[in-house]
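Below, each chain spelled out in residue letters.
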Amino acid sequence: MITYESAEDLSLKIRHLQDKSLKVSFVPTMGGLHEGHLALMKLAQQKSDVVVVSIFVNPTQFGQNEDLNKYPRTLEKDISLLETLDIDILFTPSVEEIYPSNDLESYELGFLDTILCAKTRPGHFNGVAQVVNRLFDIVHPDIAVFGEKDYQQLMIINLINKNRKDDIKVISHEIIRERDGLAMSTRNQYLSFDDRENAKKIYQNLLGIKTDFLRGIDLDSSIKKAKDNLSQFSKLDYLEARNSKDLTDIDNKTDEIILLCATYLGETRLIDNLIFRRKNV
Ligand code: PAF
């Protein structure tokens, strides 16, 4: 694995590879790697000749009272995981390399930046748009891979990618879960023993809503029941059902529904989602 810290050197290397008709895929991360990240990388390996992974804890996507300073920085462990997977290129830029000027762009993200996580984390998705655009400018991959746990982020990345002039194909990987159903996340390691025990109930409650719905039970009432359950051990931010295509509200013609949830266990904010199809549509 070759590691680059310089954006210019990495860009040159990738141009060189693409000139030789090699297909390059890109998996941006903030480190703290786990099986969920590795699944994205394995998918990238299947789809391309060369895989580039970045590790960069992006300050602009953290709010003032969020966990930027305590966000896990586990570079050595991350590098060994990347080596086990035989990743070709690692990019570990500094903040100055990503943001050489203080004059940062502000993105118009429309409706997607008014709902769900955007309400509790104002400015978060603008920060994601800043870093992803900058990373795409540097790497110019043929393919970029993102996880579906951050579903709203994925929708926003699709939107910014549509507004770009290059032809990057964004693909996604389903959520990877622990054995008890908890969606894998770098932030799971913050959880106390009791919170970790309770955290598995997030997915159980999402599954409960889906099961109820497919049995014909009214969605609003099973969402309410799940909200009550989740509120017993966590501070619920939101639990909503939306159209998986564009995150608009559902109606009785919506064929694919996504349940999205964010909740705080102690200080730790966890998100999860579950997609399912309406029967007979
Ligand atoms: O999903 C993440 O890990 C981050 O939001 C991303 C896409 C790497 C941007 O910093």
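Residues numbered from 1 in each chain as written. Predicted model: local features only at pLDDT ≥ 70, side-chain atom pairs only at ≥ 80, totals over all residues. Heavy atoms only, no water.

Draft legend 1. The sheet that holds strand E1 (residues 2–4), seen in detail. Pairing is parallel across the open sheet formed by six strands, whose spatial order is E1-E4-E3-E2-E5-E6. In the strand order of this sheet, the two ends are held by E1 and strand E6 (169–173), each with one partner. Each strand of the sheet is rotated relative to its neighbour by a mean of 25°, with strand direction disregarded. As paired strands, strand E2 (residues 24–29) and strand E3 (residues 50–55) are joined by six bridges and run parallel to one another. If you follow Phe26 over to E3, its bridge partner there is Val52. (Pairing = 2+ DSSP bridges. Helix = DSSP H or I, 4+ residues; strand = E, 2+ residues; numbered from the N terminus. Axes fitted to C-alpha atoms, helices over the stretch in contact; angles between N-to-C directions.)

Draft legend 2. The pairing of strand E8 (residues 256–265), seen in detail. A large share of E8 lies buried, amounting to eight of its 10 residues. In this sheet, E8 lies alongside strand E7 (residues 235–243) in antiparallel orientation, the contact comprising eight bridges. Residue pairing across strands places Lys235 opposite Tyr264, the latter belonging to E8. Sheet topology places E8 next to strand E9 (residues 268–277); 10 bridges connect them, and they run antiparallel. (Buried < 20%, exposed > 50% of the residue type's maximum accessible area, 1.4 Å probe, protein only.)

Draft legend 3. Region of the structure containing the site of the ligand. By nearness alone, every residue bordering the ligand is listed as Pro28, Thr29, Met30, Asn58, Gln61, Val131, Phe146 and Gln153. Between an oxygen atom of the ligand and a side-chain N or O atom of Gln61, the distance comes to 2.6 Å. A distance of 2.7 Å separates an oxygen atom of the ligand from a polar side-chain atom of Gln153. Out of a free accessible area of 290 Å², the ligand has 89% covered by protein chains. Considered class by class, the residues forming the shell around the ligand number four nonpolar, four polar and no charged. (Near = heavy atom within 4 Å. Polar contact = N/O pair within 3.5 Å; in protein donor to acceptor, adjacent residues only side chain to side chain. Areas by Shrake-Rupley, 256 points an atom, 1.4 Å probe, with all protein chains shown as cover. Nonpolar A, V, L, I, M, F, W, Y, C, P; charged D, E, K, R; others polar.)

Draft legend 4. Structural view of the environment of Val131. Within the element layout of this structure, Val131 appears in helix H6 (residues 124–139). On the basis of relative accessibility, which here comes to 6%, the residue Val131 falls in the buried class. A sequence separation of 32 residues divides Val131 from Tyr99, and the C-alpha atoms of the two residues are 8.6 Å apart. Setting aside anything within four residues of it in sequence, one finds Val131 in contact with Phe56, Asn58, Gln61, Ile98 and Tyr99. (Contact = heavy atoms within 4.5 Å.)

Draft legend 5. Highlighting the nonpolar core. If you look at the biggest cluster of nonpolar residues, it comprises 45 residues, and the most contacted ones within it are Leu10, Phe91, Ile98, Val132, Phe136, Phe146 and Leu247. With nine residues, the top contributor of residues to this core is H6. Excluding residues within four positions of it along the chain, Val132 makes contact with Phe146, Ile157 and Ile160. With 22 residues, the next largest nonpolar core counts Ile202, Tyr203, Leu206 and Cys261 among its residues. (Core = buried A, V, L, I, M, F, W, Y, C linked by side-chain atoms within 4.5 Å.)

Draft legend 6. Region of interest: empty space enclosed by the protein. In total, this model carries one cavity of 30 Å³ or more according to the counting rule given. Taken as a whole, the largest cavity holds about 60 Å³ of empty space. Every residue along the wall of the largest cavity is listed here: Lys149, Leu182, Ala183, Ser185, Asn188, Ala199, Ile202, Tyr203, Leu270, Ile271 and Asp272. Those elements that place two or more of their residues in the lining of the largest cavity are helix H8 (193–214) and E9. By residue class, the composition of the lining of the largest cavity is seven nonpolar, two polar and two charged. (1 Å grid on protein atoms, 1.4 Å probe; cavity = no way out; pocket = protein on both sides within 12 Å on 5 of 7 lines; lining within 4 Å. Points joined across faces, edges and corners; volume = space filled by probe spheres on them.)

Draft legend 7. Structural detail: the pairing of E2. Counting buried positions over the six residues of E2 gives six, a clear majority of the element. Considered for its hand, the β-α-β crossover made up of E2, helix H2 (residues 35–47) and E3 is right-handed. Inspection of the sheet shows E2 paired to strand E5 (residues 143–147) by two bridges, in the parallel sense. Bridge pairing in E5 links Ser25 to Ile143. (Right-handed = clockwise from strand over helix to strand, strands pointing away.)

Draft legend 8. Seen up close, the side chain of Arg242. In this structure, Arg242 sits in strand E7. Among the residues examined, Arg242 registers a relative accessible area of 8% and is labelled buried. In terms of polar contacts, Arg242 uses its side chain to reach the side chain of Glu240, at 2.8 Å. In this view, Arg242 contacts Phe111, Ile115, Leu116, Leu247, Thr248, Asp249, Ile250, Glu256, Ile257, Ile258 and Leu260; residues no more than four positions away in its chain are not counted.

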